[in-house]
Protein chains: 2
Amino acid sequence: MNVSKKRNITLKELAQELNLSISTVSRALNDHPDISIETKERVQKLAKQLHYAPNLFARGFRSHETYMLGVIVPNISHMFTSTILKGILEEAELRGYRVIISESKNSETKQIEMLRTMNQFGVDGILMSLARKTTRVDEVLNVLERVPIVLFDKVSSKVPCTQIVINEEEAAFNAVEHLIELGKQRIAIIKETENSYNSEKRYAGYLRALNHHGLPIRKKIIQSTEDISIANGRRLTNILLSLKKRPDAIFAITDNAAIGAIKALHKLNIKIPDEVAVVGFSNSVNSTIIQPALTTVDQPGDRIGRTAVKFLIDEIKNPKNEIVTKTVEIKTNLIVRDSSLGTN
Amino acid sequence: MNVSKKRNITLKELAQELNLSISTVSRALNDHPDISIETKERVQKLAKQLHYAPNLFARGFRSHETYMLGVIVPNISHMFTSTILKGILEEAELRGYRVIISESKNSETKQIEMLRTMNQFGVDGILMSLARKTTRVDEVLNVLERVPIVLFDKVSSKVPCTQIVINEEEAAFNAVEHLIELGKQRIAIIKETENSYNSEKRYAGYLRALNHHGLPIRKKIIQSTEDISIANGRRLTNILLSLKKRPDAIFAITDNAAIGAIKALHKLNIKIPDEVAVVGFSNSVNSTIIQPALTTVDQPGDRIGRTAVKFLIDEIKNPKNEIVTKTVEIKTNLIVRDSSLGTN
DNA sequence: CTGAAAGCGCTTACAG
DNA sequence: CTGAAAGCGCTTACAG
């Protein structure tokens with residue numbers, strides 16, 4: 001069967017069929033007040049019958065509005081990221097925007113490349129979570145001069161734009177305070193080596209909670225790693241457990257690190273939470289699958305995504321003449337489970 | 001600071017600056033053989049200096065090639081889906097294509113809507129995993145007449161196009177055979193009620209393995225559910241365990257259902273795998289976090305994604321005049337872990 | 001109420 | 001080797 005691709009029907013074809021001008025057909029379809037009701041009805045009827053669908057490419061090209069948003073994230077298959085993406089897709093769709101997604105793989109070079117192509121494709125705005133160790137912000141600024149950008153999750157104060165984050169510091173403070181209230185005294189932290197925005201803030205919350213409750217800061221139980229994975233959570237926990245004075249609680253700044261911690265504790269038959277309590281960060285699916293279930297900070301990914309889209313579209317619709325660094329904080333909740341308040 | 005958005009530089013501006021025609025500038029940048037080396041150098045130098053980036057929208061609009069691929073999946077934050085997406089993004093990028101992603105949320109109406117917008121946006125091709133209970137295939141066919149489509153994962157033989165799947169039947173056969181070889185005799189299955197392609201195939205593999213090894217098919221230990229979740233895996237396992245004659249193994253057609261099964265077994269203190277062995281399907285992250293670690297079928301998501309892109313781009317570049325239903329099977333591996341071959 | 005025409009930024013057959 | 005012109009499908013100020 002020969003199926004050389006059908007072309008989509010165009011305004012021109014509609015116009016010919018109806019003996020009208022292209023302009024009139026265009027206006028009729030857009031419900032322009034100038035056009036008579038009869039004409040509108042004729043046009044719309046035929047358009048429906050012929051399955052006319054406007055070429056958005058042409059329209060966007062004409063009007064400089066493409067109704068496309070670009071999204072750049074370090075890793076699309078990271079659980080938390082994918083819930084944010086879900087929120088972004090939903091909100092964008094609701095408002096009639098399509099979304100182009102790409103991955104920077106935590107490479108700054110790639111990130112800049114993506115930023116440029118997004119711009120070339122004429123997206124109306126860009127949502128971005130920064131690659132780790134983003135330093136050459138000037139390239140980002142360059143694109144920012146051409147198209148609105150909203151940062152989320154991995155943000156940087158060096159980029160003057162709207163930034164959507166969670167209340168990192170406060171969330172960490174609450175998590176650590178929860179442990180303190182349970183009577184824990186030597187609370188270790190597993191964090192990132194690099195000064196990522198998130199790690200820094202969570203660390204700050206940890207320090208503030210200790211200070212606030214008059215607990216000393218002990219260098220030895222502050223552990224860091226480049227790649228905050230299950231394996232490294234495990235490794236660092238083993239280091240913590242080999243200390244003369246073991247911690248009685250571990251606050252890991254990600255669920256994965258916390259799960260690694262639990263695995264390490266299991267291996268040594270250390271009771272959770274009685275001997276060592278564990279708290280994570282993210283409320284990933286894993287946190288309910290691990291035994292005991294993990295106490296963790298719920299990060300509402302879809303809310304972050306939706307909020308980011310809202311602010312971005314707002315900026316698209318109402319271009320500011322001012323560079324504004326606005327930080328929007330999304331609230332989180334501590335979800336207490338057996339790894340800190342266990343009954344077993 | 002006033003930052004009214006900068007416009008991108010255009011061919012016209014380059015041409016004016018250089019006292020050349022737009023055509024010449026265009027050709028120089030595209031390295032057209034007609035243009036003299038000196039001119040090319042002049043043009044390219046200025047282009048670089050002024051950070052010229054061609055408007056891909058205009059180019060695509062002109063040439064009817066947009067270098068955009070559309071992707072439609074039921075649920076973007078489903079783990080397996082997100083690894084496929086990763087593969088898609090990587091392969092697409094490698095070949096110079098951008099990717100627009102959207103979610104059908106398992107709604108057929110939404111799926112058709114997305115298909116239409118993708119087409120309107122002028123994507124060069126579409127990658128799609130079908131929504132559950134997709135019945136009105138005619139709308140898909142309608143779009144298929146206009147733009148190449150490649151299906152993956154959730155496919156349907158009713159759509160005559162390239163389909164990328166895993167060796168579902170064989171994988172299930174191997175999984176069940178593995179249980180039989182371990183000496184299991186009453187092997188239950190937890191599958192989907194609806195006749196989804198995947199569930200059907202896995203069920204067929206289950207039946208074939210039993211037949212092949214001379215085991216009877218027992219209706220009572222064949223359980224189905226609409227939504228194959230952790231909760232339902234748990235529920236159905238409880239039903240299985242309440243039978244006079246309990247199964248000695250459970251083959252769940254998804255990891256989530258298998259995890260639910262393990263949770264149910266735990267609750268009743270039933271030994272895994274000695275009393276009841278469990279096998280899942282997907283090799284999700286969860287499968288290594290649950291205790292005992294889950295024996296499961298590894299589905300190479302990124303391979304599926306990459307392969308789908310390859311076939312799609314191939315069709316874009318070499319439009320066929322024939323409707324071809326081609327099924328490409330990606331091989332999987334059974335990953336044996338403690339839930340079937342445990343040492344504890 | 002309707003139409004002719006310009007133009008969005010690019011490519012490319014045609015002419016010289 | 002270079003340029004003028006058409007055209008991709010649409011919208012919209014201008015004219016009538």
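Residues numbered from 1 in each chain as written. Chains lettered and ligands numbered in written order. Predicted model: local features only at pLDDT ≥ 70, side-chain atom pairs only at ≥ 80, totals over all residues. Heavy atoms only, no water.

By the naming in an unreviewed UniProt entry, chain A goes by Transcriptional regulator, LacI family and is assigned to Pseudozobellia thermophila.

1. Looking at the protein's contact with DNA strand D
Near DNA strand D, the surroundings consist of 27 residues, among which Arg7(A), Ser26(A), Arg62(A), Thr24(B) and Arg62(B) are the closest. Of what DNA strand D places within 4 Å of the protein, 55% of the atoms are sugar or phosphate. Here a phosphate oxygen of DNA strand D and a side-chain polar atom of Asn30(A) are 3.5 Å apart. The backbone of Ser36(B) places a nitrogen or oxygen atom 3.3 Å from a phosphate oxygen of DNA strand D. Only helix H2 (22-29) and helix H4 (56-63) of chain A together with helix H2 (22-29) and helix H4 (56-63) of chain B provide two or more residues apiece to the surface near DNA strand D. A breakdown of the residues in the surface near DNA strand D according to their chemical character gives 9 nonpolar, 11 polar and 7 charged. (Near = heavy atom within 4 Å. Polar contact = N/O pair within 3.5 Å; in protein donor to acceptor, adjacent residues only side chain to side chain. Helix = DSSP H or I, 4+ residues; strand = E, 2+ residues; numbered from the N terminus. Nonpolar A, V, L, I, M, F, W, Y, C, P; charged D, E, K, R; others polar.)

2. Quick look at the pairing of strand E8 (residues 249-252) of chain B
Residues and elements named next belong to chain B. Across the two faces of E8 the burial is the same, with Ala-249 and Phe-251 and Ile-250 and Ala-252 all buried. When strand E6 (residues 187-192) meets E8, the two strands line up parallel, connected through 4 bridges. Each residue of the ladder has a partner; that of Ala-188, found in E8, is Ile-250. Bridge count for E8 against strand E9 (residues 277-279) is 3 bridges, and the pairing is parallel. Across the sheet, Phe-251 pairs through a bridge with Val-279, a residue of E9. Handedness of the crossover joining E8 and E9 through helix H11 (residues 255-267): right-handed. (Buried < 20%, exposed > 50% of the residue type's maximum accessible area, 1.4 Å probe, protein only. Pairing = 2+ DSSP bridges. Right-handed = clockwise from strand over helix to strand, strands pointing away.)

3. Thoughts on the protein's contact with DNA strand C
As a matter of local geometry, DNA strand C sits amid 27 residues, with Thr24(A), Arg62(A), Arg7(B), Ser26(B) and Arg62(B) nearest to it. When the atoms of DNA strand C within 4 Å of the protein are grouped by moiety, sugar and phosphate amount to 57% of the total. Side-chain polar atom of Ser23(A) to a base nitrogen of DNA strand C: 3.0 Å apart, as the coordinates give it. One of the side-chain nitrogen or oxygen atoms of Arg62(A) is found 3.2 Å away from a base nitrogen of DNA strand C. If you list the elements that add at least two residues to the surface near DNA strand C, you get H2 and H4 of chain A together with H2 and H4 of chain B. For the surface near DNA strand C, the per-class residue count stands at 9 nonpolar, 11 polar and 7 charged.

4. Notes on the relation of the copies chain B and chain A
Superposing chain B onto chain A takes a rotation of 180 degrees combined with a translation of 0.0 Å along the rotation axis, leaving an RMSD of 0.1 Å. Taken together, these values place the two copies in the relation of a two-fold axis. Closest to the rotation axis within chain B is the C-alpha of Ile100(B), separated from it by 2.1 Å. Most of the interface of chain B is mirrored in chain A, where 100% of its interface residues again form contacts. (Least-squares fit on C-alpha atoms with pLDDT ≥ 70 in both. Contact = heavy atoms within 4.5 Å.)

5. A closer look at the pairing of strand E3 (residues 125-128) of chain B
All names here are of chain B. In E3, alternate side chains face the same way, and those of Gly-125 and Leu-127 on one face and Ile-126 and Met-128 on the other are all buried. Pairing between strand E1 (residues 68-73) and E3: 4 bridges, direction parallel. Among the inter-strand pairings, Val-71 is bridged to a residue of E3, identified as Leu-127. Handedness of the crossover joining E3 and strand E4 (residues 149-152) through helix H7 (residues 137-144): right-handed.

6. So, the pattern of salt bridges
In the structure shown here, the tally under the stated rule is 28 salt bridges over all chains. With a shortest N-O distance of 3.9 Å, Asp153(A) and Lys154(A) are connected by a salt bridge. Accessibility expressed as a relative area gives 31% for Lys154(A), which makes it partly exposed. For Glu65(B), the salt bridge goes to Lys317(B), with nearest N and O atoms at 3.9 Å. With Glu65(B) in the loop between H4 and E1 and Lys317(B) in helix H13 (residues 301-317), this pair connects stretches of sequence that are 252 residues apart. For Lys317(B), a relative accessible area of 42% corresponds to the partly exposed category. (Salt bridge = Lys/Arg side-chain N within 4 Å of Asp/Glu carboxyl O.)

7. Observations concerning the environment of Thr83(A)
Position of Thr83(A) relative to the elements: it lies in helix H5 (residues 79-94). Separated by 73 residues in sequence, Thr83(A) and Ser156(A) place their C-alpha atoms 21 Å apart. Setting aside residues up to four positions removed in sequence, Thr83(A) forms contacts with Gly301(A), Asp302(A) and Ser77(B). A distance of 2.7 Å separates the side chain of Thr83(A) from the backbone oxygen of Phe80(A), its partner in a polar contact.

8. A word on the sheet that holds strand E9 (residues 277-279) of chain A
Residues and elements named next belong to chain A. If you walk across this open sheet you meet the 4 strands as E7-E6-E8-E9, and the pairing is parallel. Edge positions in the sheet fall to strand E7 (222-225) and E9, since each has one partner strand and no second. If you compare each strand with its neighbour and ignore which way they point, the axes differ by 15 degrees on average. This element, helix H8 (residues 168-181), spans strand E6 (187-192), strand E8 (249-252) and E9 of the sheet and lies at about 170 degrees to E8. Helix H9 (residues 197-212) rests against E6, E7 and E8 of the sheet, and its axis sits at about 165 degrees to E6. (Axes fitted to C-alpha atoms, helices over the stretch in contact; angles between N-to-C directions.)

9. Here we look at the UniProt feature "domain: HTH lacI-type" (unreviewed entry) in chain A
In the numbering adopted here, UniProt assigns the feature "domain: HTH lacI-type" (unreviewed entry) to residues 9-63 of chain A. In this annotation, residues 9-63 of chain A is assigned 67% helix and 0% strand; the end-to-end C-alpha distance for the span is 20 Å. (UniProt positions renumbered as here; feature names shortened; annotations may be inferred.)

10. Here's the deal with the sheet that holds E9(B)
Residues and elements named next belong to chain B. Strand order in the open sheet formed by 4 strands is E7-E6-E8-E9, with parallel pairing between adjacent strands. Each of the sheet's edge strands pairs with one partner strand only, and the pair in question is strand E7 (222-225) and E9. The sheet shows a mean angle of 15 degrees between the axes of neighbouring strands, direction not considered. Packed on one face of the sheet, helix H8 (residues 168-181) meets E6, E8 and E9 and runs near 170 degrees to E8. Contacting E6, E7 and E8, helix H9 (residues 197-212) runs over the sheet at an angle of about 165 degrees to E6.

11. Notes on the packing of helix H1 (residues 11-18) of chain A against H2(A)
Residues and elements named next belong to chain A. Here H1 crosses H2 at 105 degrees, and the two axes come no closer than 8 Å. If you check the angle between H1 and H2, you find them roughly perpendicular. Contacts from Leu-11, Lys-12, Leu-14 and Ala-15 of H1 reach H2 at Ile-22, Val-25, Ser-26 and Leu-29. Here the contact of H1 with H2 is built from residues that sort into 6 nonpolar, 1 polar and 1 charged. (Parallel < 35°, antiparallel > 145°, perpendicular 65-115°, else oblique.)

12. Quick look at the environment of Asp153(B)
The topology assignment puts Asp153(B) in the loop between E4 and strand E5 (162-166). Setting aside anything within four residues of it in sequence, one finds Asp153(B) in contact with Phe80(B), Ile84(B), Ser129(B), Ile164(B), Val165(B), Glu168(B), Tyr197(B) and Asn198(B).

13. Observations concerning H5(A)
Residue and element names in this part refer to chain A. Here H5 is 16 residues long and its end C-alpha atoms lie 23 Å apart, about the 22 Å a rise of 1.5 Å per residue gives. Of all 16 residues that make up H5, 13 are buried, and the element is covered over most of its length. Directly beyond the C-terminal end of H5, a positive phi value near 80 degrees is found at Gly-96. (Expected span 1.5 Å × (residues − 1).)

14. Focus on the packing of aromatic side chains
This model, assessed by the stated rule, comprises 4 aromatic pairs over all chains. Note that Arg202(A) overlies the ring of Phe281(A), its terminal NZ or CZ placed 3.7 Å from the centroid. Its end group placed over the ring of Phe173(B), Arg208(B) keeps NZ or CZ at 4.0 Å from the ring centre. (Phe/Tyr/Trp six-rings, centres within 6.5 Å; stacked < 30°, edge-to-face > 60°. Lys NZ or Arg CZ within 6 Å of the ring centre and 35° of its normal.)

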